[in-house]
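Letter by letter, the chains look like this.
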Amino acid sequence: MNERHVLVVFPHPDDEAFGVSGTIAQHVQSGTPVTYACLTLGEMGRNMGVPPFANRETLPFIRRQELEEACRVLGIHDLRLLGYRDKTVEFEDEEELADRIAAIAAETNPSLVITFYPGYSVHPDHDACGAAVIRALKRWPKEQRPTVYCVAFAKNCEQDLGQPDVVRDVSSVIDTKLAAIRAHRSQTEGLMQAASKRGDALAWLKTERFWTYRWDD
Amino acid sequence: MQPIDAAAVQEALNHLANRDIYIHLETTNGAYASHHNEGVFSAGAYIRNARIRFTRGKITGPGPYRVGLKLDIGWVYAEGLTHWEWTKEGQLLLAGHDYEGKLAVALELSGEPFA
């Protein structure tokens, strides 16, 4: 539980909200510094509202404000915006992307890194982000690498990876987590309304699941 | 953005004809479309800041609308447009939102490159 520093690397401003923000809040509460590196501003998000409150040109500004608000709610003081463009991460130079993540990892010296499981995270940006994190950390000697918790939600992830080996109860910080989700209002409001109609949302949100990345060397 | 006023959009298109402009054209059904429903074939396309010049631009349809731009040696068009905005920077923003407000298509024209 007690980590030296936690580094969270995701491609979109709201990627931490549903699956990781409780874990982040618990680490912040126990005094662990958390750095959040976010690769894009979610410029290609599709939720524009009825009537629309945003357009393609204003959405990135709105999502940046929402991300900053989510970080404030969670107590993250170190937010890094890497300036890539939504949906283009997989087309970037893989070594250069890994270089930038490696530089942040070298500077912050995390004992725990949280990202997406490459190949099991559905959105091409998610998979490319996770792959870049693994590529960056793989340059370090195995015994010096931080633990990597991966989020995965592809249909075949349990079949291929087994059950998640880290299952965290985040009910102690559920109010903070809900506030972080609400901070990403432009993208999460509709989902939360649909979830509250189903009635099982709170139980689902109180548990966060990760697969510890297994190095193949 | 406002529901499309076809006459106003036509006026904006006329204003942008016969000059070098920058285009953003995008269609998408979202990266999760076939994750949520395996029966959906996921497809999309995206162009940002390509420079074009059109000789005639026209908005048609009863709404949702279609916009076609006739180039010297080609065409650009978008279908399913529902909303528009003419920004103070002189950009013509057109978008098509589905019944939940999700963006499905965007066609944007600007005298200067988009940020």
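Residues numbered from 1 in each chain as written. Chains lettered and ligands numbered in written order. Predicted model: local features only at pLDDT ≥ 70, side-chain atom pairs only at ≥ 80, totals over all residues. Heavy atoms only, no water.

## A short note on the sheet that holds strand β3 (residues 78-84) of chain A
Residues and elements named next belong to chain A. Applicable threshold: Note: two strands are recorded as paired if DSSP finds a minimum of 2 bridges between them. Counting from the N terminus, the helices are DSSP H or I runs at least four residues long and the strands are E runs at least two residues long. Every axis in this analysis is a line fitted to C-alpha atoms, fitted for helices over the stretch in contact. Angles between the N-to-C directions lie between 0 and 180 degrees. Note on definitions: a residue-residue contact is assigned when non-hydrogen atoms from the two residues lie within 4.5 Å.
An order of β3-β2-β1-β4-β5-β7-β6 is seen for the 7 strands of this open sheet, with the pairing classed as mixed. With one partner strand each, in any of the chains shown, β3 and β6 (166-169) form the two edges of the open sheet. Here the average twist between neighbouring strands, direction ignored, is 25°. Here strand β4 (residues 112-116) pairs with strand β5 (residues 147-151) via 5 bridges, running parallel. Pairing of F116 across the sheet is with V151, part of β5. Against the sheet, helix α2 (residues 59-74) makes contact with β2 (34-40) and β3, and its axis sits at roughly 155° relative to β3, the strand it touches most.

## Notes on the interface of chain A and chain B
Selection criterion: Note on definitions: salt bridges are taken to be side-chain nitrogens of Lys or Arg within 4 Å of carboxyl oxygens of Asp or Glu. N or O atoms within 3.5 Å of each other form a polar contact, as long as, within protein, one can give a hydrogen and the other can take it, and as long as residues adjacent in sequence are counted only when both atoms are side-chain atoms.
Taken residue by residue, the interface counts 21 residues in chain A and 29 residues in chain B. Linking chain A with chain B are 2 salt bridges, by the criterion used here. Across the salt bridge formed by E57(A) and R48(B), the nearest N and O atoms sit 2.9 Å from each other. At the junction of chain A with chain B, the criterion picks out 10 residue pairs in polar contact (both at pLDDT 80 or more).

## Brief notes about the packing of α2(A) against helix α7 (residues 185-198) of chain A
The angle between the axes and the distance between the axes are what describe a pair of packed helices. All names here are of chain A. Here is the rule: For this classification, under 35 degrees means roughly parallel, over 145 means roughly antiparallel, 65 to 115 means roughly perpendicular, and everything else is oblique. When residues are sorted by character, Ala, Val, Leu, Ile, Met, Phe, Trp, Tyr, Cys and Pro go into the nonpolar class, Asp, Glu, Lys and Arg into the charged class, and all the rest, Gly among them, into the polar class.
The interhelical angle for the contact between α2 and α7, taken along N-to-C directions, is 75°, at an axis separation of 10 Å. Taken as axis vectors, α2 and α7 run roughly perpendicular relative to one another. Every residue of α7 that contacts α2 at L59, I62, R63 and E66 is listed here: R185, S186 and Q187. The residue makeup of the contact of α2 with α7, split by class, is 2 nonpolar, 2 polar and 3 charged.

## Focus on the side chain of N55(A)
Mapped onto the secondary structure, N55(A) falls in the loop between β2 and α2. Side-chain polar atoms of N55(A) contact the backbone nitrogen of E57(A), separated by 2.7 Å.

## Overview of the pairing of strand β4 (residues 54-60) of chain B
Residues and elements named next belong to chain B. For β4 and strand β5 (residues 65-71), the ladder comprises 6 bridges, and the chain directions are antiparallel. When the sheet's bridge partners are listed, R56 is paired in β5 with K70. With antiparallel pairing between neighbouring strands as the criterion, β4 and β5 make up a hairpin whose turn holds 4 residues, including G61 at a positive phi of roughly 100°.

## Let's talk about the confidence of the model for chain B
Residue and element names in this part refer to chain B. In plain terms, the rule: Each residue carries a pLDDT score, the predictor's confidence in it, ranging from 0 to 100.
Looking at chain B as a whole, the pLDDT averages 94, with 100% of positions reaching at least 70. When mean pLDDT is taken per element in chain B, strand β8 (residues 92-97) scores highest with 98 and helix α2 (residues 33-36) scores lowest with 82. Scoring of the predicted complex yields 0.91 for pTM and 0.81 for ipTM.

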